[in-house]
Structures are given as structure tokens and as C-alpha cells.
Amino acid sequence: MKPRTGSAGRVPFWLRWLVPAFLVLSWLALAGVGGPTFGRLEEVSSNDQASFLPAGAEATAAQDWQAKFRDSNEVPGVVVIESDEPFSPAELGEVAALRTELGDLDLGSAVVGPVPSEDGKAVQFIAPISESSVEIQEAVKELRATVAEAAPEGMRTFVTGPAGLAADFTAAFAGIDGILLMVALAAVFVILLVVYRSLLLPFMVLLTSVFALCAAILLVFGMAKAGWIQLNGQSQGILSILVIGAATDYALLFVARFREALTHTADRTAAVLTAWKASFEPILASGATVIIALLCLLFSDLNSNKALGPVAAAGIICSLFAALTLLPALMGLLGRAAFWPFRPKLAPAEEREPGLVTGLEGQRGLWRAMGALVRRRPRTIWIASVLLLAVASAGVLQLKANGVPQTEVILSASNAVDGQDALARHFDAGSGSPAVVVADEGKAQEVLDRVKAADGVGEAYLLGAGSVPITGAPGTPGEPDVREGKVLINATLDSAADSLEAEEAVRALRQEVKTVDPEALVGGVTATALDTNTTAQRDLVIIIPVVLVVVLFILMLLLRSILAPVLLVLSVVLSYAAAMGVSALVFNNVLGFPGADATVPLFGFVFLVALGVDYNIFLMSRVREESLKHGTRPGILRGLGVTGGVITSAGVVLAATFAALGVIPIMFLVQLAFIVAFGVLLDTVLVRSLLVPALAYDIGPKIWWPGKLAKPGLFPEARGAADREVAGVSSRG
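Residues numbered from 1 in each chain as written. Predicted model: local features only at pLDDT ≥ 70, side-chain atom pairs only at ≥ 80, totals over all residues. Heavy atoms only, no water.

Looking now at the packing of helix 13 (residues 378-393) against helix 22 (residues 667-699). One way to put it is that helix 13 packs onto helix 22 with a least axis distance of 8 Å and a crossing angle of 140°. By the angle class used here, helix 13 and helix 22 are oblique. Handedness of the helix 13/helix 22 crossing: left-handed. Along its contact with helix 13, which presents Pro378, Arg379, Ile381, Trp382, Ser385, Val386, Leu388 and Leu389, the element helix 22 presents Leu682, Leu686, Val687, Leu690, Leu691, Ala694, Leu695, Tyr697 and Asp698. Of the residues belonging to the contact of helix 13 with helix 22, the class tally is 14 nonpolar, one polar and two charged. (Axes fitted to C-alpha atoms, helices over the stretch in contact; angles between N-to-C directions. Helix = DSSP H or I, 4+ residues; strand = E, 2+ residues; numbered from the N terminus. Parallel < 35°, antiparallel > 145°, perpendicular 65-115°, else oblique. Left-handed = near helix turned anticlockwise from the far one by under 90°. Contact = heavy atoms within 4.5 Å. Nonpolar A, V, L, I, M, F, W, Y, C, P; charged D, E, K, R; others polar.)

Put into C-alpha cells, the structure is as follows:
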């Protein structure tokens, strides 16, 4: 029995209607499960900096020992009450009564204080809070309300320290899902509306992106729930942006092929199959490049970087599947109606070609002129482009990516940041966040003496030796608290715990104590930040070469060449250097940032190289396809002309989605948003449109060395006809 066919009589009924309907319904069901999971991500998300340290870091080992000295995990909240004038005895008595109210909140172990400042203008309490990102945020909110209500009139109140900063950091991500998605989707919708002048198509593309994100959220939630990855606000925000941008890019490539195919066939299902066949390899190669590049982050020693790798890779996988299944199904059901009111018209019979279409009719306007320019002066264009990128790259010498104080990370108003400033005005700046030294019991006193004498240390004492147990650990006054032959020493630093000066003090302290006890460990908030920055800089040296090798290998497989992939990778690296150079100038001289997080160059590299190669893949895969039929140089011009519009649109979309990260008031994400957005535009407008085509045109067939396209005399008749045709197009343009 023959299968039923549609009205066109060419495609079986099940392929024309049943398969697309099944795919759409399957994605609807998946989105129905994944969508509600969006709101549950905070269940498996944490913004605790120490939990992302590598297992071998000294601060991590010190933290493990600290846990043995206390019955529960707690984060100190530092309550500061400040006045313009010294406190009166009555005011001190009123403030002292606050200790009872804070203790009644039952947030953790005993509240310590009040501790007045030497100038008499401030008082501080230490309020330990049970360690949980959600509980800390609520506890700090409760603390702030209680202190503000109980403090004497006219005084300023703050809750700062590690707990306060963690709460404000978490609050900066509040509403990240809704705000970020609204901004990104709105930007994409407007761009698609302008590019396609269609009312229905933008919704189909956005639907594909949103459904891909729902699937990615479900996958990431499962991995985090199983304990395979550690999810934080940064990776969550990057996931949303990456999926929306990548899925839209892949969708645009398919839509462009589908639109071409509709000009060569009246059968919408046949057009979908033709477009799918033509776009499958470049989309798959592009996705594989990004996925493998992101998974290279698994070589990082930072657990936060390791987590971002599989999180982002999961997003790209879902984007690939959505672009290659859901979108073709939607286009198969809609056909030409997807482009309403400007539906593509069927080309005259003599202009149609069987199989893959050439898209020669797409060479109009700007891209015809661009092709003509490349054809006339290829060497001048690529040399000028390289020089321009090299000049921009010089700015990278001004990039200060050695970490920034935690108080500078939050760009919005922060009570905790203001509280740190108040602490610095009236107390040892590091109070509330001391460095912690783990030393051998037998060398405790000698180590303590070295700690007290170290530069940058205000005061130091053995835990439990008649001192205030601010960590909440038990201890008998006058006797050190000993656990497994180890003691803890708290060292209050002269500088703010999140400052670069404090990190230098920790470096010096580590060297000092190890002269007495080689097994001694120095941890705490400052040590955690120091080890994070050090590890991030080490990752940069290791991961960048791995990513380049992976990208190069994939390009060699796709283009069946060695020379072309090498030149493409070099062009993307140069583009990355230029983007970082311009970004450094903007950060320092326009935005006034004090520096950059140590992970910014690495994340910028991974995203720009992986995503930048995407556009070269889209271009050069089409160039190779055209070169097989028309010769290399005509193939370059035809490939540039037919892909110019879609790749530029894709670049603008991706830049706009990454720019949306700038709405989150976290310096790291604002910087990453600018780097990637600017870098993608630079790569799209200059590298892919001028540098790569001009360089390839100048080299000619040898660009495919050692592949068969590099052999002289291949397809001479097609080459001659194509040369004449392109020359005619250029002269008419």
C-alpha cells in the first residue's frame, strides 16, 4: 500500500504533517516541564565564593579545618552603628541593649559585642548566621530591619561583613530570570522584525529559543540536583543569554536556507528538507565547536569554571536540537506563511537549480558592493584590517585583570559596601573577616608571635585562649581549643578584607608562618579571594591553548583543509585581542572600573573564540560549497554575498543578547557583556565581512591546501563561467 501524499503529491502525508506535529507537541510538553523549573533554580544555586575553590587551594584546606572547630557552618555578619559625634553614655547603654534583641533573632551562635571604636563614633557587633544563601539573605534583611529600628535616632546602621556582602550579592541577581529574558527577547524580537519585516517569523524564532532554554534549564537543574555541578547566579545568567543567542543564530541560518529553497520549489516540505540538509553540517559544526570549547573549562581548577562548562554546553546542545527539530517542524507547517506579508516568490524555472541552491540572487546591494571591493583590492583590505586589529590589541596592555575588591563587584547601592567603608573609618579594616591560621598545637605560641609581628596584621589571638570566639567555636578561656592536634589563630588585618592590600598581607603572612610551621595554613575571606585570582590566572595559561587546538581540529574536519583553519583561528585570536584591548580602554577611561575579575579574560576568550568561529564556519562552509561548483575565488564572492545578511543579523542578535547581561549590577557580568557584544560585532563586521574573504581571495585555491580544491585545474569550465558571471555582476553593481 502506497503512503498517502499531500496535495503536491511529492512528499508522504506522514512526513508533511505527522512528523512536524509530533515534534512541535513534544517540544511543548518539554517546555511545560522545563518552564516551571525556572523558578526552582535557587534551590540548587549558591553564591558562596569559597565553595567554588579548587580542592587543593590552601584557603580550601584551611576552611575544612575551620569546620572541625565549630558545630555548624556560620558566616559572620558585622553590625555597625555610626554617629557623627562620639556616643554618649546613655546612647552606649541603648546600643548595648541591642545585643539582646539580636540574640533573640536566633540566627546562629552567640552575638558578640558591642565593641566601641577608639574614636567613640561607632559600635560594632558580630552576629554569626547559619550558612545558606537563602537563609543568609533573609537573615541579613531581618538584621538590618531590627538594627535600624532599635538604633538611637540620627545614627547610621549597616550590616556588612561576609554575610552582608553575600546577601547584597545575591540580591543583585534577584529577578535575573525575568528581567534578563525580557531584555534579551525584546532586543531579538526588534532585530528580527527589522531584518525579515515579517510578523510571524520572529515569534517562531523566539519560540525556538525559549523552548531550547526550557529544555536547558531542566537539564541543568537535574545535574545540579544530582550534585554533578555547582550552579551560581553568574552561570545561570550566562546560560540564559547563551541559549537565546545561540538558538537564534542557528535559527537564522536555517531560515535563510529555507527562504532560498522556497524560491526554487513550490513544496514547503521539500524546501524544509533542502534547507535542513544544507544547514545541518554548518550548524552541527558550529555547535560542536562551542560545546567542546566550553567543556575545556573542565580543565580549570576553579569549581565555578568547571560548572560553567557543562552548564553552558547543555544550553548549546538544547539550542542545536531546537534549531534542527522544532524550527524545521514549525516552518514545515507554516511554509511561505511564516514570512507574511513579504512571502518569498518562486524564481523563474531557468534560474532554479536541482539540489542545493546557490543563492546567487541574494547578491544585491551592500553585499554585492562588498564582494566587488574584495575582488578589486583583496590584499589592501586584509592588510589594513590586520593593522587596525593590531592597533586595537595594544590596549590589552592596560587590562588590569588581577581581581577587584568584593566591595567593588556590586555596582548598585549596597548597605554592606557602605558598612565596609564605615568599618574602615573607625576600626581595623579587616575586623569581622579575620585571616585564619591553622597551626600545629606544639608550635602554636611561636606561630602566634610571628602572626602578631607580620606586616598588615592589626591583632591576633589563639581561639579559646581567653579571647572572644567570634567563629562560634567552643573554647575554655585561657586554654587553646585543640582539634586533632591543630589550633586556630584569628588575625585581624589592617586593610579591608576584600582589598588588594589585604591579599598582599595574606601572601606575606603565609611565608612568615611557614618558616615556623611548614604545614601551617592561612585561610579566611581574603585568602579565598587570593587563591581564586591565582587559580584563574593559571587557568588562562592552560585552557586557551586547549581551546585553540580543539577549534582548529573541528575546522580541519569541516573544511577538509589545514591552511584555511589555521588562518581562521589566527583571525579570531586577533579579533579577541582587539576586543580585549578596546574593552580595557573603556573599562579604565570611560566606565572608571578599578580593574577586572581574573576570570574575565578566560570567559571572554572562550565565548569570543567559540562564537567568532561560528560565523567563519557559516561563511566558509558556504564558500566551500560554492567553490566545489564554481571555483575558489568566485565561490568566495558568492558565499560572501549570500551569507552576508544572515551572518550580520546573527551577529547583531548575539551582541544584543549578551549586552543584556549589562542590566545585572555585577561588575563581572557588565564587563563580560561589553567584551562579548563588542567582540562579536567586531568579528561580524570586520573579520568575517572583510578580513577573511579578502585574505582567502588573495590566496586563491591554495587556501584549501592540502585538500582537493587546492589542486590546479579543478573544474576549469565551471571556474571560467563563474569568473565571467561574477565579473559581470561586479561591473553591473
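A separate point is the packing of aromatic side chains. Two measures describe an aromatic ring pair: the distance that separates the ring centres and the angle between the ring planes. Inspection of the entire model under this criterion finds 11 aromatic pairs. Measuring from ring centre to ring centre gives 6.2 Å for Phe254 and Phe258, while their planes differ by 5°; the resulting arrangement is stacked. Taken together, the positions of Phe254 and Phe258, both in helix 9 (residues 233-262) and four residues apart, correspond to about one turn of that helix. Side by side, Phe254 and Phe258 carry an identical accessibility label, which is buried. A centroid spacing of 5.1 Å and a plane angle of 85° characterise the contact between Tyr576 and Phe605, whose relative ring orientation is edge-to-face. Here Tyr576, found in helix 19 (residues 563-589), pairs with Phe605, found in helix 20 (residues 600-630); they are 29 residues apart in sequence, far enough to count as distant. Each member of the pair, Tyr576 as well as Phe605, carries the same accessibility label: buried. Feature note: the residues Phe587, Phe593, Phe674 and Phe678 constitute an aromatic cluster, connected by ring pairs. (Phe/Tyr/Trp six-rings, centres within 6.5 Å; stacked < 30°, edge-to-face > 60°. Buried < 20%, exposed > 50% of the residue type's maximum accessible area, 1.4 Å probe, protein only.)

Taking strand neighbours across the sheet as the criterion, the four strands line up as 2-3-1-4 in an open arrangement whose pairing is antiparallel. Two strands lie at the open edges of the sheet, namely strand 2 (112-116) and strand 4 (156-160), each paired on one side alone. Ignoring which end each strand starts from, the neighbouring axes of this sheet average 20° apart. Across nine bridges, strand 1 (residues 74-82) lies against strand 3 (residues 122-130) in antiparallel orientation. Residue Val78 lies in a different strand from strand 3, and its bridge partner there is Ile126. With respect to the sheet, helix 6 (residues 161-172) is in contact with strand 1, strand 3 and strand 4, its orientation differing from that of strand 1 by roughly 95°. (Pairing = 2+ DSSP bridges.)

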